[in-house]
Structure formats: C-alpha cells, structure tokens
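# Architecture at a glance
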Amino acid sequence: MDKRDYAKPHTYKGLPELLANTYDVALSEPERMATTGDLRRFLESAAMPVERSIADDDLAEVHAVREQVRAVFLAPSDAEALKHLNLLLSGVTPELRVLEADDKLSLLLFPVVSHKVAENVRSVVAIALGQVVERLGFDRLRACEADPCRDLFIDTSKKGARRFCSPRCASRKHVSTFRSRRAS
Ligand SMILES: [Zn+2]
C-alpha cells in the first residue's frame, strides 16, 4: 500500500469536536448531520476516504458514535467519562503503518477503506480522544461558556484555562460582560 492511499493523519486532529458539534443544542433544530449528504460532506471535510455510497444505516451508526463522543465530553465525573471513552474504544479496528512524515518515522493510524463508515469514524475519533486524555486528562474536554453557544472543544493550550470554543466566542463574551458591567 502506498502512502498516497491515505489522508494525512494529522488532519484527524480536531475530529472528535467536529463530529460532536454536528449536534448543536444551541439551535432550535440541533441536528446538523441530518442526511447522508451531510455525512458525506463531513467525511470529506475530515479527509476520510469515502469509496462507496452512504446509506441511511451508516448515518444512524455515525449518530450513535457521536452520542458516545458527546457522552465522554459531557460526563459529570472523570469516572463516568472513562467509562464512556472505553465504550467508544471497544470494537476499534485501526490500521497502523509506520510512515516517513516530516523527515521522521512515525507510527500512524488510518481508517480502513473496506470498513463501514461508522467503524472508521469510531476508530479515528476514539483514538484521538484517548490520546488527548492520556496526555492532558478529562478536564480538558469542555463545553463553551459563551452562552448560548454550547460547542464542545478540547483545550490543548499550555495553561489549560480556555473557557470558549473559539476566539469569536471569547470576544463576544467579553463584549457582553463589559456591557453588563457598564449597565449596572
Ligand atoms: Zn462557543
């Protein structure tokens, strides 16, 4: 198999959040991955291979994986989060290769083209989450505090003090805090 058969694995960074946030509780219609076309666009934007048609079953299975991912983020305790993460990791079937990337050899994970769509999504997302938790702990899996945004994000910053999903939400929150201080 050739290196060109695969998307570059670093593109899977950020995929757990990307998947989790296709369900947005801040919207009156929270489902943002409602059709197989939406799923295909998600897979393409995540640089995951899509070599066949996507069925309604695939969509339902990816929704189920997404529920498990959201459960890891939103668990009320580390023990609960650990339970959900290990559920997500059970049945993971990654394909591993050592490749030369950026002038060094790295052990890398790839989705298996012949597998079901949801299995590939599960593998990539579960391992990405597992690696983050191993490095930084469950505390870094957070929900944005800039109401009404409830997007999930992973704080990979050095200080680990991020409260917002994006610079946009951070500045929106600061503006509204400033306004309410001035008003009171
Ligand atoms: Zn936000």
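As annotated in an unreviewed UniProt entry, the protein carries the name Putative RNA-binding Zn ribbon-like protein and is attributed to Phyllobacterium myrsinacearum.

In this section: the coordination of the zinc ion. For the zinc ion, the full set of protein donor atoms is Cys144 (SG), Cys149 (SG), Cys165 (SG) and Cys169 (SG), and the range of their distances to it is 2.3 to 2.4 Å. With 4 donor atoms in place around the zinc ion and angles of 105 to 114 degrees between them, the coordination shape is tetrahedral. One chain supplies every donor to the zinc ion, and in sequence these donors are spaced C-x4-C-x15-C-x3-C. Highlighted residues: cysteine 144 in the loop between strand S3 (141-143) and strand S4 (152-154) and cysteine 169 in helix H6 (residues 167-183), separated in sequence by 25 residues. Per residue, the accessibility class of cysteine 144 equals that of cysteine 169, and both read buried.

Across all of its chains, the model carries 7 salt bridges by this definition. Notably, a salt bridge pairs glutamate 145 with arginine 163, separated by 3.0 Å at the nearest N-O pair. One end of the pair, glutamate 145, is in the loop between S3 and S4; the other, arginine 163, is in the loop between S4 and H6, and 18 residues separate them in sequence. Look at the salt bridges and you will find they share partners, linking Asp139, Arg142 and Asp155 into a network.

A cluster of nonpolar residues, Leu96, Val98, Leu105 and Leu107, forms a patch on the protein surface that exposes about 440 Å² of accessible area. Mapped by element, the contributors of at least two residues to the nonpolar patch are strand S1 (95-101) and strand S2 (104-110). Locating leucine 107 in the fold gives a position in strand S2.

Picture a little ball the size of a water molecule; that probe, rolled over the atoms, points out where space is still empty. Looking at the second largest pocket, its volume works out to about 210 Å³. As for the second largest pocket, its lining consists of Gly14, Glu17, Leu18, Asn21, Thr22, Arg32, Met33, Asp38, Phe42 and Leu152. Taken together, the residues of the lining of the second largest pocket break down into 4 nonpolar, 3 polar and 3 charged.

It is worth spelling out helix H4 (residues 78-89) at this point. Along its 12 residues, H4 runs 16 Å from first to last C-alpha, staying within 8% of the 16 Å computed at 1.5 Å per residue. Within H4 the residues assigned to the buried category are Ala81, Leu85 and Leu88. Looking straight down H4, one finds its buried side chains confined to an arc of 55 degrees; they lie on one side. The inward-facing, buried residues of H4 abut helix H3 (56-74) and helix H5 (117-136). A positive backbone phi angle near 85 degrees is found at glycine 91, which sits one or two residues after H4.

Turning our eyes to something else, we now look at the environment of phenylalanine 153. One can find phenylalanine 153 in strand S4. On the accessibility criterion, phenylalanine 153 (4% relative accessible area) is buried. Residues phenylalanine 153 and alanine 143, 10 residues apart in the sequence, show an inter-C-alpha distance of 6.1 Å. Leaving out residues up to four positions away in the same chain, phenylalanine 153 has contacts with Glu17, Phe73, Arg140, Leu141, Arg142, Ala143, Cys144, Arg162, Arg163, Phe164 and Cys165.

This part takes up H3. If you check H3, its first and last C-alpha atoms are 27 Å apart, about what 19 residues at 1.5 Å a residue would give, namely 27 Å. Looking at H3, one finds that the buried residues are Asp58, Leu59, Val62, His63, Val65, Arg66, Val69, Arg70, Val72 and Phe73. Lining the buried residues of H3 we find helix H1 (15-20), helix H2 (36-45), H4, H5, S3 and S4.

This brings us to the packing of H4 against H5. Geometry of a packed helix pair, given as the angle between the helix axes and the separation of the axes. Remark: H4 packs on H5, axes separated minimally by 9 Å, with the N-to-C direction vectors making an angle of 145 degrees. The chirality of how H4 crosses H5 is left-handed. The residues of H5 that touch H4, namely those facing Leu85, Leu87, Leu88 and Leu89, are Arg122, Ala126, Ile127, Leu129, Gly130 and Val133. Looking at side-chain class alone, the contact of H4 with H5 contains 8 nonpolar, 1 polar and 1 charged residues.

Reading the values: rules and limits
- Residues numbered from 1 in each chain as written.
- Predicted model: local features only at pLDDT ≥ 70, side-chain atom pairs only at ≥ 80, totals over all residues.
- Heavy atoms only, no water.
- Donors = N, O, S within 2.8 Å, 3.2 Å for Na, K, Ca; no water.
- Tetrahedral: all angles 85-135°; square planar, octahedral: opposite > 155°, others 65-115°.
- Helix = DSSP H or I, 4+ residues; strand = E, 2+ residues; numbered from the N terminus.
- Buried < 20%, exposed > 50% of the residue type's maximum accessible area, 1.4 Å probe, protein only.
- Salt bridge = Lys/Arg side-chain N within 4 Å of Asp/Glu carboxyl O.
- Patch = residues over 30% accessible without salt bridge, like charges linked within 9 Å, V, L, I, M, F, W, Y side chains within 5 Å.
- Areas by Shrake-Rupley, 256 points an atom, 1.4 Å probe, with all protein chains shown as cover.
- 1 Å grid on protein atoms, 1.4 Å probe; cavity = no way out; pocket = protein on both sides within 12 Å on 5 of 7 lines; lining within 4 Å.
- Points joined across faces, edges and corners; volume = space filled by probe spheres on them.
- Nonpolar A, V, L, I, M, F, W, Y, C, P; charged D, E, K, R; others polar.
- Expected span 1.5 Å × (residues − 1).
- Arc of directions from axis to C-beta.
- Contact = heavy atoms within 4.5 Å.
- Axes fitted to C-alpha atoms, helices over the stretch in contact; angles between N-to-C directions.
- Left-handed = near helix turned anticlockwise from the far one by under 90°.

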